[in-house]
Amino acid sequence: MSQTAPYGKWESPITPESIVQGSVSFADLFVDPTNNNIYHIEPRPKESARYVIVDTLSQRDVLPSPYSARTGVQEYGGAAAVAHGGTLYFSNSADNRVYSVKAVGNAQPEPVTPDNPKYRYADFAVHPVRHDLVVSILEDHTIDTPQTIVTTLCVINTTRKAVFPFVTGADFYATPVFNPSGTKVAWQEWYHPDMPWEGSLINVSDVLVQEDTILILNKTRVAGELLTKSVSYPRWVSDTTLAFTSDELNGFQNPFIYSTTTGSVELAIPECIKEDFGAPAWNLGNYPYAILDDPAGGNGKFGAFTAFRDGCSVLYIANLSGKKSIVSIKDFPFSIANRVVQRGNSIVFNTGRSDAPGGIFMCTFTGPGQSFAPSYQLLESSSPQSTTGNEAYITPPRSITLYRDGKPLYVVYYAPKNPKYSGSSIHEEKPPCIVHAHGGPTGMAAQTLSWERLYYTSRGYAWVDVNYGGSSGYGREYVTRLDGNWGIVDVQDCHDAATLLAAAPYSLIDVSRVAIRGGSAGGFTTLAAVSFAPNPGFFKAAASSFGISDLFSFAQFTHKYELRYGDKLLGGTAQKVPEVYAARSAVNHADKIVTPLLVLQGADDKIVLPEQAEKIVNTIVGQGRADKVKYRLFEGEGHGWRRAETIKEAVELEHAWYEKHLL
């Protein structure tokens, strides 16, 4: 029998332990092209956050303890391992060396790079003929400041256990890929002040294989432009045809092909589509597509492309070797799909769903001709904790486009839901609401099942994910809304989302009981919203995780990857527009903070240093308002929580904060 209780006071079986057990993530997904074996990298919060390489089909751990396949390249990492010929190469987080290990048997990993913890490696490409030569990103921290770190592409000679230079000169490199014969190589590069989704280049070179290393010859810029055009994710269709994505024609990432024979670049589909075929490369190796052989047995080549439509992934199949054509796959029951890789005539990818756990799926295409009828097989669930018995607690996403002055604002609303409760015991009560500002800021809130979100909605809270101006997935024009306006547009959008959802015709939440939360850039938005926003008291509680409070310090001491990110977001460098940096640093407006503020921080964070949290906390306390702030520093944690005990304590602290200040 259903009962009633005030919103926010409902009892729920979803616990902090449920969040740990029910939230398995997959850091990487890759296939050995010589035998089609599938592998994934699985973070283990209960094993001191070790990243384990797993044989996906047999569910057997390939990597013995204490090895951990995680890289610190660009701090966010990704692409920490590769498989070829039954051998796996991986970057080990403890010493930053690259190791090799056989996929079968019980052999211990062996190092294949020199013992130098100042070198970091990621994004590996094994030469198709000389399998002992592996190209990799090399991030040299010998002089370890953001301004002096040197990034190159290198060749790892796994036989000699030596490293040789390969490509140098750019500020950043990613996605080195050989053509099938190993005679050419392509890669992406970019330079400060760009992020790769703002301006980047794709290059192709001939390859000269020598006894110990590889050299490049005849370097050719294929596509892209600094500052204004983004190109990403190169992959070879054949020995002479390269696929990639670019936003140069319509402001949306669309697929293109380049011919090394003719030197021509052209759109790979009949006409541009106003959808982004790929997400910003915050992590390495997150390919949005894979190359397919003709499922009908012909000689053609096809591309299985994911794209974003209304904040969710869709799937297309494009003909890449014949007459241009593209087919939209109607049966694609996933909210998000990423890390797409080829396995024979199938694709394997990591997924999220809104109504059930996601995981690693394989899709095989069948049907007459080129109808591409998909069939899906779950290989590994993202939730080992079964949802049996908890299905009734899952609240579906409601994607809403709000308009102000004709301009769209994209939000996703999650209503309170608990099968034991029919509503509130208080007449006409509207639920308290948690507004979530995603990180990035060039990111997107995915419409996927989240145990953390369920923890709150099952207790009677409403939850709103705000894809504020600057978010990805809606084209370059929407991203550039934040240019020069970071701390303004994002904050206003979070405020407006709550205000509009509380008013008619929606009337979904109690506008007098709204909290704001976020991590990293979302933490910056949270701190901004309660300090220098036009109405800093609008939100009644706030929770910032590793958020930025001092933009001057962030611009000087953050990691190399984001060192110049603020140039566009804030309209210039700290030296050029110091007044903007000062005006949008929450620490300078701490006296205006009336909203109770919870601050969570990792002690080992290299992206947002702990001093960012300590500055604003100490300022508030120094002003005699210790009752307005609570601070927790987590030892052994970086930019995000990896350990089980941290994940649980962070949830408990945040929930208690809302119970005290929001209800």
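See the structure printed just above.
A brief report on the enclosed structure follows.

Rules behind the numbers
- Residues numbered from 1 in each chain as written.
- Predicted model: local features only at pLDDT ≥ 70, side-chain atom pairs only at ≥ 80, totals over all residues.
- Heavy atoms only, no water.
- Helix = DSSP H or I, 4+ residues; strand = E, 2+ residues; numbered from the N terminus.
- Rg over C-alpha atoms; globule rule 2.2 N^0.38 Å.
- Contact = heavy atoms within 4.5 Å.
- Polar contact = N/O pair within 3.5 Å; in protein donor to acceptor, adjacent residues only side chain to side chain.
- Pairing = 2+ DSSP bridges.
- Core = buried A, V, L, I, M, F, W, Y, C linked by side-chain atoms within 4.5 Å.
- Buried < 20%, exposed > 50% of the residue type's maximum accessible area, 1.4 Å probe, protein only.
- Axes fitted to C-alpha atoms, helices over the stretch in contact; angles between N-to-C directions.
- 1 Å grid on protein atoms, 1.4 Å probe; cavity = no way out; pocket = protein on both sides within 12 Å on 5 of 7 lines; lining within 4 Å.
- Points joined across faces, edges and corners; volume = space filled by probe spheres on them.
- Nonpolar A, V, L, I, M, F, W, Y, C, P; charged D, E, K, R; others polar.
- Patch = residues over 30% accessible without salt bridge, like charges linked within 9 Å, V, L, I, M, F, W, Y side chains within 5 Å.
- Areas by Shrake-Rupley, 256 points an atom, 1.4 Å probe, with all protein chains shown as cover.
- Salt bridge = Lys/Arg side-chain N within 4 Å of Asp/Glu carboxyl O.
- Lys, Arg positive; Asp, Glu negative; His and termini not counted.
- Parallel < 35°, antiparallel > 145°, perpendicular 65-115°, else oblique.
- Phe/Tyr/Trp six-rings, centres within 6.5 Å; stacked < 30°, edge-to-face > 60°.
- Lys NZ or Arg CZ within 6 Å of the ring centre and 35° of its normal.

### Observations regarding the overall build of the protein chain
Okay, so step 1: Tallying secondary structure elements over the protein chain gives 10 helices and 38 strands in all.
Okay, so step 2: Against the globule reference of 26 Å for 663 residues, the protein chain gives a C-alpha radius of gyration of 25 Å, in line with a compact fold.
Okay, so step 3: Based on the C-alpha atoms only, the size of the protein chain along its principal axes is roughly 75 × 55 × 55 Å.
Okay, so step 4: For the protein chain, restricting intrachain contacts to residue pairs at least 6 apart in sequence, the fraction spanning at least 24 positions comes to 59%.

### Observations regarding the environment of Asn203
Okay, so step 1: Relative to the helices and strands, Asn203 is located in strand E16 (residues 200-209).
Okay, so step 2: Spatially, the C-alpha atoms of Asn203 and Glu645 are 45 Å apart, while their sequence positions differ by 442 residues.
Okay, so step 3: Leaving out residues up to four positions away in the same chain, Asn203 has contacts with Val185, Ala186, Trp187, Glu189, Lys219, Thr220, Arg221 and Val222.
Okay, so step 4: Only 3.1 Å separates the side chain of Asn203 from the side chain of Glu189, close enough to count as a polar contact.

### Some remarks on the sheet that holds strand E5 (residues 60-61)
Okay, so step 1: Pairing is antiparallel in the open sheet, where 4 strands are placed in the order E2-E3-E4-E5. Since the sheet does not close on itself, it has two edges, and those belong to strand E2 (28-31) and E5, each with one partner.
Okay, so step 2: Two elements, E2 and strand E3 (residues 38-44), share 4 bridges in a ladder whose sense is antiparallel. Its bridge partner being in E3, Leu29 is matched across the sheet by His40.

### A look at the nonpolar core
Okay, so step 1: The biggest cluster of nonpolar side chains holds 89 residues, and the ones touching the most others in it are Val411, Val435, Val466, Trp486, Leu501 and Ile509.
Okay, so step 2: Ignoring anything within four residues of it in the chain, the contact list for Leu501 reads Ile400, Leu402, Val411, Tyr413, Val464, Tyr506, Ser507, Leu508 and Ile509.
Okay, so step 3: In this structure, Val204, Ala243, Phe256 and Ile269 belong to the second largest nonpolar core, which totals 30 residues.

### Section: the sheet that holds strand E17 (residues 214-225)
Okay, so step 1: The strand order E14-E15-E16-E17 describes an open sheet built from 4 strands, whose pairing is antiparallel. Strands at the two margins of the open sheet, each flanked by one partner only, are strand E14 (172-178) and E17. In this sheet, neighbouring strand axes are inclined to one another by 25° on average, regardless of whether the strands run parallel or antiparallel.
Okay, so step 2: Where strand E15 (residues 184-190) lies against E16, 6 bridges are found, and the strand directions are antiparallel. Counterpart to Lys184 in the pairing with E16 is Asp206.

### Considering empty space enclosed by the protein
Okay, so step 1: Scanning the model with the defined rule gives 7 cavities of 30 Å³ or more in all.
Okay, so step 2: Of the volumes computed, that of the largest cavity is approximately 210 Å³.
Okay, so step 3: The wall of the largest cavity is formed by 21 residues, among which Trp197, Gln253, Asp276, Gly278 and Pro280 lie closest to the centre.
Okay, so step 4: Listing elements by their share of the lining of the largest cavity, those giving two or more residues are strand E18 (231-236) and helix H3 (476-479).
Okay, so step 5: Within the lining of the largest cavity, the residues separate by chemical class into 8 nonpolar, 10 polar and 3 charged.

### Observations concerning a nonpolar patch on the surface
Okay, so step 1: Together, Leu208, Leu215 and Leu217 make up a nonpolar patch on the protein surface, roughly 220 Å² of accessible area in all.
Okay, so step 2: The topology assignment puts Leu217 in strand E17.

### Let's talk about the pattern of salt bridges
For side chains of opposite charge, pairing can occur when their charged atoms come near one another.
Okay, so step 1: The full count for this structure, using the stated rule, is 32 salt bridges.
Okay, so step 2: Ionic pairing is found between Arg339 and Asp28, a salt bridge with its closest N-O pair at 3.0 Å. Of this pair, Arg339 sits in strand E26 (residues 336-343) while Asp28 sits in strand E2, and the two are 311 residues apart along the sequence.
Okay, so step 3: Looking at Arg339, the relative accessible area reads 7%, which means it is buried.
Okay, so step 4: A salt bridge links Lys568 to Glu198, with the nearest nitrogen and oxygen atoms 3.5 Å apart. A residue pair is termed long-range when its members are at least 10 positions apart, and Lys568 in helix H7 (residues 566-569) and Glu198 in the loop between E15 and E16 qualify at 370 residues. Neither Lys568 nor Glu198 differs from the other in exposure class; each is buried.

### Considerations on the pairing of strand E22 (residues 289-293)
Okay, so step 1: Most of E22 sits inside the fold, with 4 of its 5 residues counted as buried.
Okay, so step 2: In the sheet, E22 pairs with strand E23 (residues 301-309) via 5 bridges, with the strands oriented antiparallel. Bridge pairing links Tyr289 to Phe305 in E23.

### Thoughts on the pairing of strand E30 (residues 398-404)
The side chains of a regular strand alternate between the sheet's two faces.
Okay, so step 1: In this structure, E30 lies alongside strand E31 (residues 407-414), joined through 7 bridges in antiparallel fashion. Note that in E31 the partner of Tyr403 across the bridge is Pro408.
Okay, so step 2: Following E30, the chain reverses through 2 residues before pairing antiparallel with E31; Asp405 in that reversal takes a positive phi of roughly 55°.

### Regarding the environment of Ala80
Okay, so step 1: You can see Ala80 is positioned in the loop between E5 and strand E6 (81-84).
Okay, so step 2: The class for Ala80 is buried, based on a relative accessible area of 1%.
Okay, so step 3: Taking C-alpha positions, Ala80 is 40 Å from Asp496, a pair spaced 416 residues apart along the chain.
Okay, so step 4: Sequence-distant contacts of Ala80, that is, excluding residues within four places in its chain, are made with Asp28, Ile41, Ala69, Arg70, Thr71, Tyr89, Phe90, Ser91 and Phe124.

### Comments concerning the side chain of Asp95
Okay, so step 1: Tracing the backbone through its elements, the reader meets Asp95 in the loop between strand E7 (87-91) and strand E8 (98-102).
Okay, so step 2: Of the buried charged residues, Asp95 lacks a salt bridge, with Arg97 as the closest side chain of opposite charge at 4.9 Å.
Okay, so step 3: At a separation of 3.2 Å, a polar atom in the side chain of Asp95 contacts the side chain of Asn92.
Okay, so step 4: Other than its neighbours up to four places away in sequence, Asp95 contacts Asn116 and Pro117.

### Comments concerning the side chain of Lys184
Okay, so step 1: Relative to the helices and strands, Lys184 is located in strand E15.
Okay, so step 2: The buried category is assigned to Lys184, whose relative accessible area is 19%.
Okay, so step 3: Of note is the side chain of Lys184, whose polar atom sits 2.5 Å from the side chain of Asp206.
Okay, so step 4: Look past the residues within four positions of Lys184 in its chain and what remains in contact with it is Val177, Phe178, Asn179, Val204, Ser205, Asp206, Val207, Trp236, Asp239 and Thr260.

### Comments concerning the packing of helix H4 (residues 489-502) against helix H5 (residues 521-529)
Two packed helices can be described by the angle between their axes and the distance between those axes.
Okay, so step 1: Contact geometry for H4 and H5: axes closest at 9 Å, N-to-C directions at 75°. Relative to H5, H4 is oriented roughly perpendicular. Packed against H4, whose contacting residues are Asp490, Val491 and Cys494, the element H5 presents Phe524, Thr525, Ala528 and Ala529 at the interface.
Okay, so step 2: The residue inventory of the contact of H4 with H5, partitioned by class, reads 5 nonpolar, 1 polar and 1 charged.

### Some remarks on the packing of aromatic side chains
Okay, so step 1: On inspection of all chains with the given rule, the structure shows 42 aromatic pairs.
Okay, so step 2: A ring pair is formed by Tyr455 and Tyr456, whose centres lie 5.2 Å apart and whose planes are at 80°; its orientation type is edge-to-face.
Okay, so step 3: For Tyr456, a relative accessible area of 1% translates into the label buried.
Okay, so step 4: Following the ring pairs from residue to residue traces out a cluster consisting of Tyr76, Phe172, Trp190, Trp197, Trp282, Tyr561 and Tyr565.
Okay, so step 5: Sitting above the plane of the Tyr51 ring, Arg70 keeps its charged end 5.4 Å from the centroid.

Function cannot be read off these values alone, since they describe shape.
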